[in-house]
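Below are the chains, spelled out letter by letter.
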Amino acid sequence: MSGSLVTVPADSKKEIPDGRGTGKESSMKQDAPIGVFDSGVGGLTVVKEIMNALPAESIVYYGDTARVPYGNKSAETITAYSRQIAKFLMTQDVKAIVVACNTISALALETIKAEFEVPFIGVVKPGAKMAAKATQNKRIGIIATEGTISSGIYEKFLKATSPEVEVFGKACPLFVHLAEEGWLNDAVTRQVAERYLAGLKEKQVDTLVLGCTHYPLLRGVIGEVMGEGVTLVNPAYETARELIYVLEEAHLLRNQETVQTPPAHKFYVSDGAEKFRQFANTILPCDHLEVEDVAVKCFE
Ligand code: DGL
């Protein structure tokens, strides 16, 4: 089923929800949802960590399932798609936006975040921070999409914090399709992983960054292939921590002790709502997810 167009004004510039108001106005801003988006199901690995870390917060998710993968597209195309999605999320009155996609974080985040008046949080910086802390032998592998690997962004952030680290990148584009297909523990996935990861094993990395939000879905297979001595880094954990910090700083964090209403989550995709719903139900710690098809092409 293709997405249905929504007819809301494309102007997404809204008053800054800086949370500095008092009383009712302030708690309304705190009660606003957090927007999260990705090219498809991968961002659910980030949603899961946000739900664990911030159980009182509501989430509005957008997965661009009609246009996945982003990993082999140009920065211009990814920026245009991301802008459309961010504009859509703004119509949902989100108080912050988490870019739950490494490729978008690498190629479009800097441009997009300057255009909107809510805080944006990407996944690359938090992932690099975790990897720098985790490595003992200072040899770090990065697996990600072609776009993220060729941007060199992980290496840049890693070298900035730990100049002595050696970084080895490998693009693993088929992992995205295997994750979207739900082949999380399949023999085919294992074969693909063995082929992609052989070079990184030879480099004797002790830390491997799952630098695409789809990849933690395949972490069982990836972990087996890499072997026990290798720490797998999922940037989603640190991203959720970074989100807490950003919301606290802006006085936008919902107070878990005093909230009157439970969180309400909404999921939107650009195609295949039912398939997405079934998949999301197996990943997230809540049942009966509400998923709707919405095309965002009108948000130019
Ligand atoms: N999940 C995304 C990432 O973290 C992109 C995957 C894709 O669409 O190629 O990079």
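Every chain begins its residue count from 1, and numbering advances along the sequence as written. The predicted nature of this model means local features are confined to residues of pLDDT at least 70 and side-chain atom pairs, given and counted, to a pLDDT of 80 or more, with totals for whole chains, interfaces and linings taken over all residues. Excluded from the side-chain calculations are hydrogens and water; all other atoms, namely the structure's heavy atoms, are used.

Draft legend 1. Molecular detail of the overall build of the chain. Of regular secondary structure, the chain possesses 13 helices and eleven strands. We compute the radius of gyration over the C-alpha atoms and compare it with the globule rule, which gives 2.2 Å times the number of residues raised to the power 0.38. For 300 residues, the compact-globule estimate of 2.2 N^0.38 gives 19 Å, and the C-alpha radius of gyration of the chain, at 19 Å, lies within 12% of that figure. Principal-axis analysis of the C-alpha atoms places the extent of the chain at approximately 55 × 40 × 35 Å. Burial classes: relative accessible area under 20% of the type maximum marks a residue as buried, over 50% as exposed, and values in between as partly exposed (1.4 Å probe, protein chains only). Buried residues in the chain amount to 54% of all 300 residues. Summed over its atoms, the accessible surface of the chain is roughly 13,400 Å², and 50% of this surface lies on carbon and sulfur atoms. Secondary structure elements are taken from DSSP: a helix is a run of H or I of four residues or more, a strand is a run of E of two residues or more, and numbering for both begins at the N terminus. Note on areas: Shrake-Rupley, 1.4 Å probe, and residue coverage restricted to the protein chains presented here.

Draft legend 2. Representation of the environment of P55 within the structure. Locating P55 in the fold gives a position in the loop between α2 (44-53) and β3 (59-63). Along the primary structure P55 and Q256 are separated by 201 residues, whereas in three dimensions their C-alpha atoms are 7.7 Å apart. Excluding residues that lie within four positions of it along the chain, P55 makes contacts with I50, Q256 and P263. Two residues qualify as a contact provided that any one of their heavy atoms is within 4.5 Å of a heavy atom in the partner residue.

Draft legend 3. Looking closely at the confidence of the model for the chain. The predicted model of the chain averages 90 in pLDDT, with 91% of residues at 70 or higher. Along the chain, pLDDT gives the predictor's confidence residue by residue, from 0 to 100. A low-confidence stretch, residues 1-22 stays under pLDDT 50, and its non-local contacts, those more than four residues away or across chains, total 55 contacts.

Draft legend 4. Region of the structure containing the sheet that holds strand β7 (residues 166-171). Strands are labelled as partners when DSSP assigns at least two bridges between them. Overall, parallel pairing links the four strands, which are arranged β7-β6-β8-β9 in an open sheet. Across the chains shown, the open sheet's two edge strands, defined by having one partner strand only, are β7 and β9 (231-233). The average angle at which neighbouring strand axes cross in this sheet is 25 degrees, direction not considered. Inspection of the sheet shows strand β6 (residues 139-144) paired to strand β8 (residues 207-210) by four bridges, in the parallel sense. The residue bridging I143 from the neighbouring strand is L210, located in β8. In this analysis, axes come from line fits to C-alpha atoms, helices being fitted only over the stretch in contact, and the angle between any two N-to-C directions falls in the range 0 to 180 degrees.

Draft legend 5. Summary view of helix α11 (residues 219-226). Buried within α11 we find V221, I222, V225 and M226. An end-on view of α11 places all buried positions within 125 degrees of arc, on one side of the element. Tucked inside the fold, the buried residues of α11 contact β6, α9 (174-181), α10 (187-202), β8 and β9. Directly beyond the C-terminal end of α11, a positive phi value near 95 degrees is found at G227. Directions are taken from the helix axis to each C-beta atom, and the arc is the one they span.

Draft legend 6. Just the pairing of strand β11 (residues 291-295), in detail. Among the five residues that make up β11, four are buried, leaving the element largely enclosed by the rest of the structure. In this fold, the crossover linking strand β10 (residues 266-269) to β11 by way of helix α13 (residues 273-283) has right-handed handedness. By definition, the crossover connecting two strands over a helix is right-handed if that path, from the first strand to the second, turns clockwise as seen with the strands pointing away from the viewer.

Draft legend 7. Examining the site of the ligand more closely. We call a residue near a given molecule or strand whenever any one of its heavy atoms falls within 4 Å of it. Taken together, 14 residues are adjacent to the ligand, and S39, Y70, N102, T103 and H214 come closest. Here a polar contact is taken to be a pair of N or O atoms separated by no more than 3.5 Å, where protein atoms must pair a possible hydrogen donor with a possible acceptor and residues adjacent in sequence count only if both atoms sit in side chains. Within the backbone of Y70, a nitrogen or oxygen atom sits 2.7 Å from an oxygen atom of the ligand. Here an oxygen atom of the ligand sits 2.8 Å away from a polar atom, N or O, in the main chain of T213. Contact with the protein chains removes 99% of the 300 Å² of surface that the ligand exposes when unbound. In this classification, Asp, Glu, Lys and Arg are treated as charged, Ala, Val, Leu, Ile, Met, Phe, Trp, Tyr, Cys and Pro as nonpolar, and every other residue, Gly included, as polar. Looking at the shell around the ligand residue by residue, the classes come out as six nonpolar, seven polar and one charged.

Draft legend 8. Broad picture of the packing of aromatic side chains. Pairing of aromatic side chains here covers Phe, Tyr and the six-membered ring of Trp, requires ring centres within 6.5 Å, and sorts the geometry by plane angle: under 30 degrees stacked, over 60 edge-to-face, intermediate tilted. Under the defined criterion, the tally for this structure stands at nine aromatic pairs. Ring centres of F175 and Y196 lie 5.2 Å apart, and the angle between their planes is 85 degrees; this geometry places the pair in the edge-to-face category. Of the two residues, F175 is situated in helix α9 and Y196 in helix α10; the sequence distance between them amounts to 21 residues. Y196 shares its class with F175; the two are buried. Taken together, the ring pairs connect Y61, F267 and F276 into an aromatic cluster. Over the aromatic face of F157 sits the side chain of K156, whose NZ or CZ is 5.5 Å from the ring centroid. Counted as over-ring charges are cases with an Arg CZ or a Lys NZ within 6 Å of the ring centre that also lie within 35 degrees of the ring normal.

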